[in-house]
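# Analysis of the macromolecular model
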Amino acid sequence: MLRRLGIVPGQSAAHGLDVVRGNPIKMLFGRGYALQAILLWVIFVCSLMNLFLFVYWLPEVLHLTGFTPAEAARATSFRELGAILAVLYLGLAIDRFGPERALAANYAAGVLFIAAIALLAMPYMLLVAVIFLSGMTIIGSQTGANAACGKLYPARMRTTGLGWALGIGRLGGIAAPALGGYLLSMGLPPRQIFLTACLFAVIAAVATGLLGLRGVHAEPVPSSPAVT
C-alpha cells in the first residue's frame, strides 16, 4: 500500500503516517502503555460480564415481577433501542469530555438502572423507560469502549490494542452465563443474580476513570498534503 502511494519507509514521518516499527504486541506493554492496556482488559472483561448477565437475566426478572413471557419480551426489546441511541450521543461525549469521564459516567448510570429494575416495582411505561435507559448505558458503554480505543491508542497499535482488549474481554462474556448458572445452583434468586451485574459495572466505571492515570496519550497524526 505504501508503494502504491509512492511512500518509502524513510518518508513515513514526513507524510504524517504513524507506521509500526516493531512488534505491536510488545508495544502494548512498553513506552507507558502497560497501565492503559491492563485497565482496558479489566474494563472489557467486566463490561461484557455485566452485559451478558443483564441480557440473559432481564426477561426472567421481568417474568418474576409478574409479566407474562410476551410482555417481558416486549419490554426487553426497548433495551436495544436504547443501545442504538447511545451510538449517537456517546461518541460526541467521548470527543468532548474524553473517554475516561464519558464512559465512567455511562457505566455508573447503568448501575442505577439495573438496580432499579431488580429492586423497584414500577408501572409498565416507567419500567420500559428504565429498560431503554439501561440499554443506552450498559450496551452503549461496551460500544463506546470499542470506539474509545481509537482515541487511546496511536494508529500504529490501534488494531492490536482493540483486538486484544476484545479478545480478553470475551473471557468475561463466556464466564457470565456460567456464573449465572452457578449462582442459581446455589439457590440465589434471579433478582440477586441480576444485581451481580451491578458489581461488574462498578468495576468497569472505576477502571475507566483510572485511565486518566495512564502514562502516555495518543497524539493525532499531523495532516499532510495528499500524495499524487
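Read on for an overview of the structure. (Residues numbered from 1 in each chain as written. Predicted model: local features only at pLDDT ≥ 70, side-chain atom pairs only at ≥ 80, totals over all residues. Heavy atoms only, no water.)

Of regular secondary structure, the protein possesses eight helices and zero strands. For the protein, the sequential pattern of α-helices and β-strands runs α-α-α-α-α-α-α-α. By the burial criterion, 43% of the 228 residues in the protein qualify as buried. (Helix = DSSP H or I, 4+ residues; strand = E, 2+ residues; numbered from the N terminus. Buried < 20%, exposed > 50% of the residue type's maximum accessible area, 1.4 Å probe, protein only.)

Between helix H2 (residues 34-65) and helix H7 (residues 158-185), the shortest axis-to-axis distance is 7 Å and the interhelical angle comes to 40°. With respect to H7, the element H2 is oriented oblique. As for how H2 packs across H7, the hand of that crossing is right-handed. When the residues that make up the contact of H2 with H7 are grouped by side-chain class, the tally is 19 nonpolar, four polar and one charged. (Axes fitted to C-alpha atoms, helices over the stretch in contact; angles between N-to-C directions. Parallel < 35°, antiparallel > 145°, perpendicular 65-115°, else oblique. Left-handed = near helix turned anticlockwise from the far one by under 90°. Nonpolar A, V, L, I, M, F, W, Y, C, P; charged D, E, K, R; others polar.)

Moving on to helix H8 (residues 190-210). With 21 residues, H8 extends 32 Å between its outermost C-alpha atoms, agreeing within 8% with the 30 Å of an ideal straight helix rising 1.5 Å per residue. For H8, the set of buried residues is Pro190, Ile193, Phe194, Thr196, Ala197, Cys198, Phe200, Ala201, Ala204, Ala205, Ala207 and Thr208. Along its buried surface, H8 packs onto H2, helix H5 (99-119) and H7. (Expected span 1.5 Å × (residues − 1). Contact = heavy atoms within 4.5 Å.)

Looking now at the pattern of salt bridges. Going through the model one piece at a time under the given rule, you end up with one salt bridge. Between glutamate 80 and arginine 79 there is a salt bridge, with the nearest N and O atoms lying 2.9 Å from each other. (Salt bridge = Lys/Arg side-chain N within 4 Å of Asp/Glu carboxyl O.)

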